[in-house]
Amino acid sequence: MDYTHEVPHSELLVVRADQPYNAEPTAAALVEFPITPEDLIYCRNHGPVIEYDEDTFTFRVNTPQGLHTFTMKELKETFPRHEVVAALQCAGNRRKEMDEVKKVRGVLWNDGVICNARWAGARLRDVLEHVGLDVDTLAGWHVWFESHVTLCQDDNYYGASIPLTKAVSPDDDVLLAYEMNGQPLSPDHGYPIRTVVPGYLGARWVKWVDTISLAPDESPNFYQQLDYKILPQEVDTPEKAAPVWSKVPSLTTLPLNSVVGSVTRQGDDAVLVKGYAIGCGDVQVAKVELSIDDGTTWHEARITYQEGKWSWTLWEGRLENIPTSGVVYSRATDERGHVQARNGKWNMRGVAYNPWGRKKW
């Protein structure tokens, strides 16, 4: 692939791979900001990152009612601007930890491939309604998102899909976004247009989206069918995976999770612990607890930030009368009473890992 037109990237990220560019911030830096600054938002790519011309960029919407093409100017002028705060998380978040249990395949991300941002753009449901989509006749259908403008590692284009019911739900806030945190998207994050699918893993938030289609089945693309799935634990080689991929459902939501971002000593016998947590889909985090005795006793942390049903949760807790060194664990509980388990489940692709958060001091 040709990387001669690669855009500059943030210098505040830890680079995990150069070509394609994949990089993340530290969790310690992340938890200082309720809304993640541009320079601390992780970059996940399967090909070159190029800056496209908004004035000439077009995207197509292909439905049973016909093919419609929009310019960015038409998108902004035709449809109301809708804003939503939503966390974006890569399915491989914490993969490095899983790799320490047993080797996995994929970029060895630490715990920084997550962000929380204020996204704005046109609601996908408004666009589909505008082109005359008859949702009632398409029960069980899917919306395909495709980006053909840039090269891709494992397929001829990057593609993903979501259920049509989610795409048109007034409660699910699916966007064709052109702004992030009050500014136009940057090339690293999909300029001039990307999908925003709150509650779903980042693989469905397609950057540089140029084609939207309706179909009775999921996208056939590699990244929908042969990646981003939780394979059975006994599947530990590509050869074993080959006949299994089609039998395993594609990931949509990611599980309840919490991470310890930083532990700062305060005096001789106290520490301040900060971290983040994220619920599954639209089920928010209700509380986060901390333990320094391997889970025997727990101390409730203070939630310092939540915003709506799609945001992450920031939390902190001051622990006193502690030894000079040790390990602090975090666990989250969501609004439905689900509690984060001590151990996550290993899978070959290293996705959806969510054991208790853990950090030494």
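Reading guide: rules and limits
- One numbering rule holds for all chains: residues counted from 1, following each sequence as written.
- Reporting of local features is limited, given that this is a predicted model, to residues whose pLDDT is at least 70; pairs of side-chain atoms are given and counted only at 80 or more, and all residues count toward the totals for whole chains, interfaces and linings.
- Heavy atoms throughout the structure, all of them, feed into the side-chain values; hydrogens and water do not.
- By this definition, two strands are paired if DSSP reports at least two bridges between them.
- Going along the chain from the N terminus, every DSSP run of H or I of four or more residues is numbered as a helix, and every run of E of two or more is numbered as a strand.
- Axis geometry follows a simple rule: fit a line to the C-alpha atoms, using only the stretch in contact for helices, then measure angles between N-to-C directions, giving values from 0 to 180 degrees.
- Two rings belonging to Phe, Tyr or Trp (six-membered ring only in the last case) form a pair when the distance between their centres is within 6.5 Å. Interplanar angles under 30 degrees mark stacking, angles over 60 mark edge-to-face geometry, and anything in between is tilted.
- Between buried and exposed lies partly exposed: a residue is buried under 20% and exposed over 50% of the maximum accessible area for its type, with that area taken using a 1.4 Å probe on protein chains only.
- Working rule: Lys NZ or Arg CZ, within 6 Å of ring centre, within 35 degrees of ring normal, means a charge sits over the ring.

(A) Quick look at the sheet that holds strand 8 (residues 158-163). The sheet built from 5 strands is open, its strands ordered 4-3-12-7-8 with mixed pairing. Both outer strands of the open sheet, strand 4 (66-71) and strand 8, are each paired with one neighbouring strand and no more. Taking the axes of each pair of neighbouring strands and ignoring which way they run, one obtains an average angle of 20 degrees across the sheet. Note that strand 7 (residues 142-147) and strand 8 share 6 bridges and pair antiparallel.

(B) Molecular detail of the packing of aromatic side chains. Scanning the entire structure with this criterion turns up 10 aromatic pairs. A ring pair is formed by F59 and F70, whose centres lie 5.5 Å apart and whose planes are at 20 degrees; its orientation type is stacked. Of this pair, F59 sits in strand 3 (residues 58-63) while F70 sits in strand 4, and the two are 11 residues apart along the sequence. For the ring pair Y158 and Y223, a centre distance of 4.7 Å and an interplane angle of 25 degrees mean the geometry is stacked. In this pair, Y158 is assigned in strand 8 and Y223 in helix 6 (residues 222-225), connecting sequence segments 65 residues apart. By the burial criterion, Y158 is buried, and Y223 matches it. Sitting above the plane of the Y228 ring, R349 keeps its charged end 5.9 Å from the centroid.

(C) Main features of the pairing of strand 15 (residues 285-291). Most of strand 15 sits inside the fold, with 5 of its 7 residues counted as buried. Here strand 15 runs beside strand 19 (residues 327-334); their pairing, made up of 6 bridges, is antiparallel. Bridge pairing in strand 19 places V285 opposite D334. Note that strand 15 and strand 16 (residues 299-300) share 2 bridges and pair antiparallel. By the bridge assignment for strand 16, L290 is matched with H299.

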